Amino acid sequence: MGHKVVVFDISVVRALWETRVKKHKARQRKEAERLEKSALEKIKEEWNFVAECRRKGIPQAQYCKNGFVDTSVRLLDKMEQGSLARQSSKAKDGARRSSPFVFELCGEHWKELPDSLKEQTHLKEWHISNTLIQVIPTYIELFQAMRILDLPKNRISHLPAEIGRLQNLRELNVSFNHLTSIPAELGDCTSLERLDCSGNLDLMELPFELSNLKQVTFVDISANKFSSVPICVLRMSSLQWLDISCNNLSDLPQDIDRLEELQSFLLYKNELTYLPYALLNLKKLSLLVVSGDHLVEYPSALCDGSLSLKFVSLVDNPIAKPGPEDDDEIEESEQDRQHFDKEFMKAYIEDLKERESVPSYTTKVSFSLQL
């Protein structure tokens, strides 16, 4: 038998954390603007640029004209294409910062992938984040060795059907983009183990063809517009982690117990009024997180200590918005707020995991998510 552990109201703590984070971002922004105008920063930029060119083996004549260093983005694009072309021919070196099988791209100056990338079909991983890239090209089907597609926080609005040709793909992360649909062909990637489509805001459904993904253990479709648990998710027999929080769910399917391997189930920030008794049949479920504001009915066994389960009921307690006198306030997009909330919940859940000395308990938390 477990026992109750009461956690006091953490909404004030979160409000303080959120305010400090925003002020810290404001200070960072002001400092970046100051340094951008600084002559010292210009010298540092040129020095780092020259060092990077030398590391990639780019001739000095390409970036230095009459004693002046050209650090323009256009030149960077040309040099990136040249360095990618030589990447596969370089021998492994312990001092190298990245693997020859990994492609990394970051920064808002990138609006499209370099043309030379299509020649690097030996790559096994793409890590592309915080860019303005909107399209993943169809030539992605050429990357038959691809295992990880990590594409968070870009402007991607469409995934090509050719992604279904990646038979060795293990992980797909397209969180916090602008997707409104997922191609049915993704269901052909039968080796997929992790799928993260969170934070796209307008994603409303997953294609039934994803039912073929029997190896998937992790699915995150939070911060979208799902009105029900997708049928294909219920057929992912190996699923262990499901996050469908911050959606428009009003109920759960009565056959939710089909997910026999499910261990963690995150449902907070939905419109659920009851929890089905079928949840009691999920024998491996160890973490259940819901919003308690609208719940009027749920199985008492979920919180009486008879199960080895951490049942977390969050009470949404919105924080009053700061007044206009707060000069350090930063305008945030909906995706920024959702991302912040996910980071906060991640920290909270990690804290729960550290309490493994308590076999089972019920937690009731007053938790603020300001939207």
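None of these values were measured; they are calculated from a predicted model. Per chain, the residues get numbers from 1 upward, laid out in the order the sequence is written. Restriction of local features to residues with pLDDT of at least 70 applies here, the model being predicted, together with a cutoff of 80 or more for giving and counting side-chain atom pairs; totals for whole chains, interfaces and linings are based on all residues. Only hydrogens and water are removed before side-chain values are computed, so all heavy atoms of the structure are retained for them.

Moving on to the overall build of the protein chain. Per the secondary structure count, the protein chain includes 6 helices and 13 strands. Burial here depends on accessible area, computed with a 1.4 Å probe over protein chains only, as a share of the maximum for the residue type. Under 20% is buried, over 50% is exposed, and the range in between is partly exposed. The buried share of the protein chain, reckoned over its 371 residues, is 45%. Only carbon and sulfur atoms are counted for the fraction: they give 50% of the accessible area of the protein chain, which is about 19,700 Å². Every helix listed is a DSSP run of H or I at least four residues long, and every strand listed is a run of E at least two residues long, numbered separately from the N terminus. Where accessible areas are quoted, they stem from the Shrake-Rupley method and a 1.4 Å probe; at the residue level, only the protein chains shown are allowed to cover.

Turning our eyes to something else, we now look at the environment of Ser313. Turning to its location among the elements, Ser313 is positioned in strand E12 (residues 310–316). Residues Ser313 and Leu288, 25 residues apart in the sequence, show an inter-C-alpha distance of 8.4 Å.

Our focus in this paragraph is the pairing of strand E4 (residues 125–129). Pairing geometry for strand E3 (residues 102–106) and E4, over 5 bridges, is parallel. Residue pairing across strands places Val102 opposite Glu125, the latter belonging to E4. One ladder, built from 3 bridges, connects E4 with strand E5 (residues 148–150); its direction is parallel. In the strand pairing of E5, His127 is matched with Asp150. Paired strands are those between which DSSP finds at least two bridges.

Right, let's talk about unusual backbone geometry for a bit. The backbone phi angle of Ala223 is positive, close to 55°, even though this residue is not glycine. Among the structural elements, Ala223 can be located in the loop between strand E8 (218–220) and helix H5 (231–234). Look at Ala223 and you get buried, because its relative accessible area is 3%.

Each aromatic pair joins two rings of Phe, Tyr and Trp (for Trp, the six-membered one) with centres within 6.5 Å, and gets the label stacked for planes under 30 degrees apart, edge-to-face for over 60, and tilted for any other angle. Tallied over the entire structure, the rule returns 4 aromatic pairs. With 6.3 Å between their ring centres and 65° between their planes, Phe103 and Trp126 make a pair best called edge-to-face. Of the two residues, Phe103 is situated in strand E3 and Trp126 in strand E4; the sequence distance between them amounts to 23 residues. The class of Phe103 is buried, set by a relative accessible area of 2%. The class for Trp126 is buried, based on a relative accessible area of 0%. Ring geometry for Tyr139 and Phe143: centres 6.4 Å apart, planes at 35°, overall tilted. With respect to burial, Tyr139 and Phe143 carry one shared label: buried. Three or more aromatic residues link up through ring pairs in this structure, and these residues are Phe103, Trp126, Tyr139 and Phe143. Charges are assigned to positions over rings by a cutoff of 6 Å between ring centre and Lys NZ or Arg CZ, combined with an angular limit of 35 degrees from the ring normal. Its guanidinium or amino end placed over the ring of Phe101, Lys124 lies 5.0 Å from that ring's centre, counting from NZ or CZ. Seen from the ring of Phe218, Arg194 lies directly overhead, with NZ or CZ sitting 3.9 Å from the centre.

Each nonpolar core is a collection of buried residues, namely Ala, Val, Leu, Ile, Met, Phe, Trp, Tyr and Cys, held together in the definition by side-chain atoms within 4.5 Å. If you look at the biggest cluster of nonpolar residues, it comprises 66 residues, and the most contacted ones within it are Trp126, Leu149, Phe265, Leu275 and Leu288. When contributions to this core are tallied by element, the ones reaching two or more residues are E3, E4, H5 and strand E11 (287–291). Tallying contributions element by element places H5 first for this core, with 3 residues. Once residues lying within four places of it in the same chain are set aside, the contact partners of Leu149 are Trp126, Ile140, Ile163, Leu166, Leu169, Glu171, Leu172 and Asn173. Judged by nonpolar contacts, the second largest core, of 13 residues, contains Trp241, Tyr268, Leu287 and Ile349. Throughout, a residue-residue contact means that at least one pair of heavy atoms, one from each residue, lies within 4.5 Å.

Below, the discussion takes up the pattern of salt bridges. A pair is scored as a salt bridge if a Lys or Arg side-chain nitrogen falls within 4 Å of a carboxyl oxygen belonging to Asp or Glu. One pass over the structure, following the stated rule, counts 5 salt bridges. Arg165 is the salt-bridge partner of Glu141, the closest N and O atoms lying 2.5 Å from each other. Here the residue Glu141 occupies a position in the loop between E4 and E5, and Arg165 occupies one in the loop between E5 and strand E6 (171–173), the gap between them amounting to 24 residues. Among the residues examined, Arg165 registers a relative accessible area of 48% and is labelled partly exposed. Across the pair Glu261 and Lys284 runs a salt bridge whose closest N-O atoms are separated by 2.7 Å. Note that Glu261 is positioned in the loop between strand E9 (241–243) and strand E10 (264–266) and Lys284 in the loop between E10 and E11, a separation of 23 residues in sequence.

Of the residues in the protein chain, 67% have a pLDDT of 70 or more, and the chain-wide mean is 78. A score between 0 and 100, pLDDT records how confident the predictor is in each residue. Note that pLDDT drops below 50 for residues 317–331; the model gives that stretch 23 contacts with residues more than four away or on any other chain.

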